[in-house]
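# Geometric and topological summary
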There are 2 protein chains.
Amino acid sequence: MNTRLCRMLGIGFPLLAFSHCRDVVAAVSRAGGFGVFGAAGYTPEELEQELRWIDAHADGRPYGVDLLVPENLSIRTGSGASNAELLAQIPSRHRDFVGDLLRRHGVDPDRALGERRRDDPDRPPPYQRETAERLMDVAFGHPIRLIANALGVPPASMMERARAAGIPCAALVGARDHALRQVEAGVDILVAQGGEAGGHCGEVSTMVLVPEVLRVAGNTPVLAAGGIMTGRQMAGCMAMGAAGVWTGSVWLATTEAETSPVFREKMVAARSRDTVRSRGRTGKPARQLRSAWTEAWEGPESPGTLPMPLQGLISEPAMARVNRAAEGGDAAARELVSYFVGQGVGLVEGVQSCRAVVEAFMGDFAAALEDMQALAEG
Amino acid sequence: MNTRLCRMLGIGFPLLAFSHCRDVVAAVSRAGGFGVFGAAGYTPEELEQELRWIDAHADGRPYGVDLLVPENLSIRTGSGASNAELLAQIPSRHRDFVGDLLRRHGVDPDRALGERRRDDPDRPPPYQRETAERLMDVAFGHPIRLIANALGVPPASMMERARAAGIPCAALVGARDHALRQVEAGVDILVAQGGEAGGHCGEVSTMVLVPEVLRVAGNTPVLAAGGIMTGRQMAGCMAMGAAGVWTGSVWLATTEAETSPVFREKMVAARSRDTVRSRGRTGKPARQLRSAWTEAWEGPESPGTLPMPLQGLISEPAMARVNRAAEGGDAAARELVSYFVGQGVGLVEGVQSCRAVVEAFMGDFAAALEDMQALAEG
């Protein structure tokens, strides 16, 4: 394919793969898709390490970076701040709730976590502007072909740097009005992400949101996102007018993924109705697998979720401990295991390599085109 | 188009239009689509009148009938029962709640309604098996080309009568497991209706549900439903593997529709986020336009909704009174106005004739096919 979007990104098949895992990003790009590394949660030093690895393993194929710089964040730290400032704001009621919940499921809430502890007091605070600028310093030092922002209009500096680097800047939107604002702000690519998507999402479905966003997008290419796990769905979205697709959940069930074996087993077993849009993981509504964790935050004993980024500072270390315990074979811990995943989880039937997934997309996409051609002729 | 589904229904363009309005059904069929008359809420005598009218106005083009015979209904009447038996079960608390709500919005809760009063004690009770059998007696006396059931596996008698009449029996499903049961029961066409649809719906989006249902449908054709308002979306669904589409909301904004002018104005103004999945109208979760009515049932003063069919016996007469008052220009009454409509309402930009909508579908569908062909060649 040689569409405008393909030329913008330097690819021949507009299948974008969002992942927090460098292995997935490199493998998808090598296989002919376009990997997008989700940098949220990484420190600048860690990001440097990950992108270096991708540069060494992507065979020169293009890839991108996605930051998560929320436009609206009720809790902001001071300049040069660290996690310590945020951690001090977590009420003891919430710490106790999580401690009790973990203990009830046989998980030691004080288990040592080693490196990359999200609640390390010295770590740069997540989602903050200053951290984002430092992450951008790193990202733009690599041969990225796309920069994206996941929550709201990208900061002006992101768009300026993208322009200077000659690469497009993309933004995720969950409603028509968000798309309007993004177009006015001058983003180069819109990602219309429906409410069935994993992670942060709105309520409008992909089927409705994509045409709604297309009507206000003008000349800006629109990628469809939310629930897309197959090349037939990709063809369907492009028949609706999308320039390509942005996918996430499908890569969580690959051999390269960062997900735990227990979570991958849960994905294969799960149906599309087993996800829930909950604030229990980040503090903003995000779709994830329903588990004892999400149930507890919705339950009668819940102290209520905290605003972003505080909720993540208690949920991420807790879930890391849960995963370790579950990997050790603990059935009670397993009940808590969850991760961001969309309704498309119901279409996951097994774990495959990223290359196999990209090739299945290409095969299904071609089959869909053939069927449409037969319809046009018949 | 000459697909298997087209041959089953005797049409050339697999656009099915569900409507409670005979004018819409006849107009869509005349224009080259396939109208499906939603008979729920009608008495056998009324249905006879409506179908006679359709026979006289459809120019011999094929159409179908949809019944709503819930597989699970907690409240059943005795054989030969009337509404009276059901009406006696409505708690006075609920009557008072509705009376107060209407009065607060300037609507007289005792306003006379004339004919076709849903809460006429002598009327056959809605959704009951016996009423359904009588409705089928009527439907199969007309040259219908499809019979459909909207909530659960069709009663055996529906499938037997359909087989005897040589016409297909369709069933709506909102989840993969429902589809499995329907296939086992032997339905001829599955309608995979996503959670963005107007009326009774599940939670899985059309984008995910259609491929999920296709995987278990075997040889049974699958129609996509939920959020579909344009020919491009129709092409997208067929690229995913659907045999055609089942639409509803798009016909509510036509000149022929039974909807009130006030509701049509609200549709044009509404965004996709202005709908809500609520039990406030029928007692089962059904997507509808958010209004003071749906808000009241979710609010702190709400007595809680009643099970189907009781909730409809209080909501329908109330909404009929609301509509009369709103048509009279009452702004407070207008706030209550609502009707079943899907998220696709965000794509409604004006009121058109049914023929114009069918033609727009055909034009957009052809344009999407051309775009896909260009992709295949480029």
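An unreviewed UniProt entry annotates chain A as Nitronate monooxygenase originating from Belnapia mucosa.

### Topic: the packing of helix α15 (residues 354-377) of chain A against helix α10 (residues 231-240) of chain B
Here α15 of chain A crosses α10 of chain B at 120°, and the two axes come no closer than 8 Å. Judged by the angle between their axes, α15 of chain A and α10 of chain B are oblique. In the packing of α15 of chain A onto α10 of chain B, the handedness of the crossing is right-handed. The residues of α10 of chain B that touch α15 of chain A, namely those facing Ala368, Met372 and Leu375 of chain A, are Ala235, Met238 and Ala239 of chain B. Counted by class, the contact of α15 of chain A with α10 of chain B contains six nonpolar, no polar and no charged residues.

### A word on the state of the cysteines
Covalent bonding between the sulfur atoms of two cysteines defines a disulfide. Residues and elements named next belong to chain A. Within this structure, the stated rule accounts for zero disulfides over all chains. With no disulfide of its own, Cys354 has Cys21 as its nearest cysteine by sulfur position, at a separation of 7.5 Å. When its relative accessible area of 0% is taken as the criterion, Cys354 is described as buried.

### What about the nonpolar core?
With 220 residues, the main nonpolar core has Val65, Ile147 and Trp251 of chain A together with Ile147 and Trp251 of chain B as its most contacted residues. Beyond its immediate stretch of four places on either side in the chain, Trp251 of chain B contacts Leu15, Leu16, Ala17, Phe18, Val24, Val28, Ala257, Cys354, Val357 and Val358 of chain B.

### Observations regarding the interface of chain A and chain B
Tallying the contact residues gives 46 residues for chain A and 46 residues for chain B. Inspection of the chain A/chain B interface yields four salt bridges. Arg271 of chain A is the salt-bridge partner of Asp177 of chain B, the closest N and O atoms lying 3.8 Å from each other. Between the two partners, chain A and chain B, sit 16 residue pairs in polar contact (both at pLDDT 80 or more).

### Focus: α15 of chain A
Taking 1.5 Å of rise per residue, 24 residues should cover 34 Å, and α15 of chain A covers 35 Å from first to last C-alpha, within 8% of that figure. Of all the positions in α15 of chain A, only Cys354, Val357, Val358, Phe361, Phe365, Ala368, Leu369, Met372 and Leu375 of chain A are classed as buried. In this structure, the buried residues of α15 of chain A make contact with β1 (15-19), α2 (22-30), α10 (231-240) and β9 (244-247) of chain A together with α10 and α15 (354-377) of chain B.

### Details of the environment of Gln89 of chain B
Residues and elements named next belong to chain B. Turning to its location among the elements, Gln89 is positioned in the loop between α4 (83-87) and α5 (92-104). Along the backbone, Gln89 and Pro261 are 172 residues apart, and their C-alpha atoms lie at a distance of 34 Å. Contact partners of Gln89, with chain neighbours within four places excluded, come to Ile75 and Leu310.

### Observations regarding empty space enclosed by the protein
Residues and elements named next belong to chain A. All told, the structure shown has one cavity of 30 Å³ or more when counted by the stated rule. In this model, the largest cavity occupies a volume close to 130 Å³. For the lining of the largest cavity, the element with the highest residue contribution is helix α6 (residues 129-139), accounting for three residues. Taken together, the residues of the lining of the largest cavity sort by class into 11 nonpolar, four polar and two charged.

### Overview of the pairing of strand β11 (residues 286-289) of chain A
All names here are of chain A. Judged from the two bridges that link them, strand β7 (residues 199-200) and β11 form a sheet pairing that is antiparallel. Bridge pairing in β11 links His200 to Ala286. When strand β10 (residues 275-278) meets β11, the two strands line up antiparallel, connected through four bridges. Residue pairing in the sheet places Thr275 in a bridge with Leu289 of β11.

### Looking at the sheet that holds β7 of chain A
Judged by pairing direction, the sheet is antiparallel, and its three strands sit side by side in the order β7-β11-β10 (chain A) without closing on themselves. Edge positions in the sheet fall to β7 and β10 of chain A, since each has one partner strand and no second.

### Quick notes on the relation of the copies chain A and chain B
Screw-axis analysis of chain A against chain B gives a translation of 0.0 Å along the axis, an RMSD of 0.0 Å, and a rotation angle of 180°. Seen this way, the second copy is the image of the first under a two-fold rotation axis. Rotation axis and chain A: the residue whose C-alpha lies nearest the axis is Gly236 of chain A, separated from it by 1.8 Å. Take the interface residues of chain A: 100% of them recur as interface residues in chain B, which is what a same-surface contact looks like.

Definitions and limits used
Residues numbered from 1 in each chain as written. Chains lettered and ligands numbered in written order. Predicted model: local features only at pLDDT ≥ 70, side-chain atom pairs only at ≥ 80, totals over all residues. Heavy atoms only, no water. Axes fitted to C-alpha atoms, helices over the stretch in contact; angles between N-to-C directions. Helix = DSSP H or I, 4+ residues; strand = E, 2+ residues; numbered from the N terminus. Parallel < 35°, antiparallel > 145°, perpendicular 65-115°, else oblique. Left-handed = near helix turned anticlockwise from the far one by under 90°. Contact = heavy atoms within 4.5 Å. Nonpolar A, V, L, I, M, F, W, Y, C, P; charged D, E, K, R; others polar. Disulfide = S-S within 2.5 Å. Buried < 20%, exposed > 50% of the residue type's maximum accessible area, 1.4 Å probe, protein only. Core = buried A, V, L, I, M, F, W, Y, C linked by side-chain atoms within 4.5 Å. Salt bridge = Lys/Arg side-chain N within 4 Å of Asp/Glu carboxyl O. Polar contact = N/O pair within 3.5 Å; in protein donor to acceptor, adjacent residues only side chain to side chain. Expected span 1.5 Å × (residues − 1). 1 Å grid on protein atoms, 1.4 Å probe; cavity = no way out; pocket = protein on both sides within 12 Å on 5 of 7 lines; lining within 4 Å. Points joined across faces, edges and corners; volume = space filled by probe spheres on them. Pairing = 2+ DSSP bridges. Least-squares fit on C-alpha atoms with pLDDT ≥ 70 in both.

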